[in-house]
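Geometric and topological summary
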Amino acid sequence: MRLQGDMESTDDELDQSVFENKNGLADDMAFLASMPELCDVTFLVGETREPVCAVKAVLAARSRVFHKMLYQPPSPQRKKEVLPKETTKLRRPTFLKRSSEPLLNVKNANTQTQSNQHQTVVVDEFEPDVFRQLIEYIHTGCVTLQPRTLLGVLNAADYYGLEDLRKACTGFVQCCINVDTVCALLSSAERYIQYKCTKSLVQKVLEFVDEHGNEVLNLGSFALLPLHVVRLILSRDELKADEFTKFQAALMWTMKYGDTNSNVDWKEVFVENFMSSIQYHKIPANVLMNEVEPLKLVPYEVIMTSLAYQTPPVSIPTN
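A brief structural summary. (Residues numbered from 1 in each chain as written. Predicted model: local features only at pLDDT ≥ 70, side-chain atom pairs only at ≥ 80, totals over all residues. Heavy atoms only, no water.)

1. Some thoughts on the pattern of salt bridges
Any two side chains of opposite charge can pair, given that their charged atoms come close. Heads up, the rule is: Salt bridge, as used here, is a side-chain nitrogen of Lys or Arg placed within 4 Å of a carboxyl oxygen of Asp or Glu. Labels follow the DSSP assignment, with helices taken as runs of H or I lasting at least four residues and strands as runs of E lasting at least two, numbered in each case from the N terminus. Whether a residue is buried, partly exposed or exposed follows from its accessible area with a 1.4 Å probe, protein chains only, as a fraction of its type maximum: under 20%, in between, or over 50%, in that order.
Using the criterion set out here, one finds ten salt bridges in the structure. Between Arg132 and Glu50 there is a salt bridge, with its nearest N and O atoms 2.2 Å apart. Of this pair, Arg132 sits in helix 6 (residues 128-140) while Glu50 sits in strand 2 (residues 50-54), placing them 82 residues apart in sequence. Note that Glu293 is salt-bridged to Lys296, the shortest N-O span being 2.6 Å. Overall, the relative accessible area of 15% leaves Glu293 in the buried class. A cluster of three or more residues bridged by salt bridges with shared partners is formed by Glu50, Asp129, Arg132 and Arg148.

This is how it looks when you write it as structure tokens:
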């Protein structure tokens, strides 16, 4: 709330004031979006087709992408490709690719030109939590950014042409990358790897991992990362982590993988994916013999070669 005046203003200006209640407006708009009966579009989001309601006029006013999607009639070619009216089951749709818009499947194409009817749209590109935050921001101008969904919100903002939100996410990235959030950011990157904004953020996260290698590899959440991400990290020349810590991280990941995939031999998974990522000759001899060799993961000849590499050359007396 703000009252605006100026003691040195003219008499006409003193007869007026500006009253603002933006917080109240945001609360009312949030309430509007939370009431399905007051909304005229429902998005079915993600694989679970979770419903997220919104007001088309608000979406169109805030995003040119949504305006084109919800109010402009489809081209004759796209009309032929839309699912028939009699389709009633929520089965996985055939998405129609457009060059600069989200991939969507509209259940009833005729509703695109009839703005007074309720419309249902399937969105498969973003997770429900991410899309819900996007809709919240569009309606209220406010959203709480958090590492778990940051990458999704960043890409959704870019996808739907919300430049201010995209900039806010980019700025938040700079201060939210730390040991506690790095694995969550890397995990979410897997979901949105096809978007351009993901690549720059992943590079920043990997640079952080390189500098804090030992700390990151010792995290329990490291074992939850996708296999190719773990392999990428352990094989980076820039990674500042000792070799035994790398071995333990790979071991922790494969054991966790074995717990959730009982039909595979986790030892074979380790050998196939991580054996070449570790320089065993850099692991101290006593650690090799007491910690690594008893596990029978590393071939005995590799252990012996690593020990031989560490053995100082024997002095040969000369005559």
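Right, picking up where we left off after that structure.
2. Some points on the pairing of strand 4 (residues 119-123)
Here is the rule: At least two DSSP bridges between two strands are needed for those strands to be called paired.
In terms of burial, strand 4 is a largely internal element, four of the five residues being buried. Pairing analysis gives five bridges linking strand 1 (residues 41-45) to strand 4, with the strands arranged parallel. By the bridge assignment for strand 4, Val41 is matched with Gln119.

3. Section: helix 16 (residues 300-310)
Heads up, the condition is: Relevant arc is that of directions from the helix axis to the C-beta atoms, nothing else. In this description, contact between two residues means that some pair of their heavy atoms is separated by no more than 4.5 Å.
For helix 16, the complete set of buried residues consists of Ile303, Ser306 and Leu307. Buried residues of helix 16, seen end-on, are gathered within an arc of 100° and therefore sit on one face of the element. Seen from the open side of helix 16, the exposed residues pointing more than 90 degrees away from its buried face are Glu301, Thr305, Ala308 and Tyr309. Residues of helix 16 that are buried sit in contact with helix 15 (285-292).

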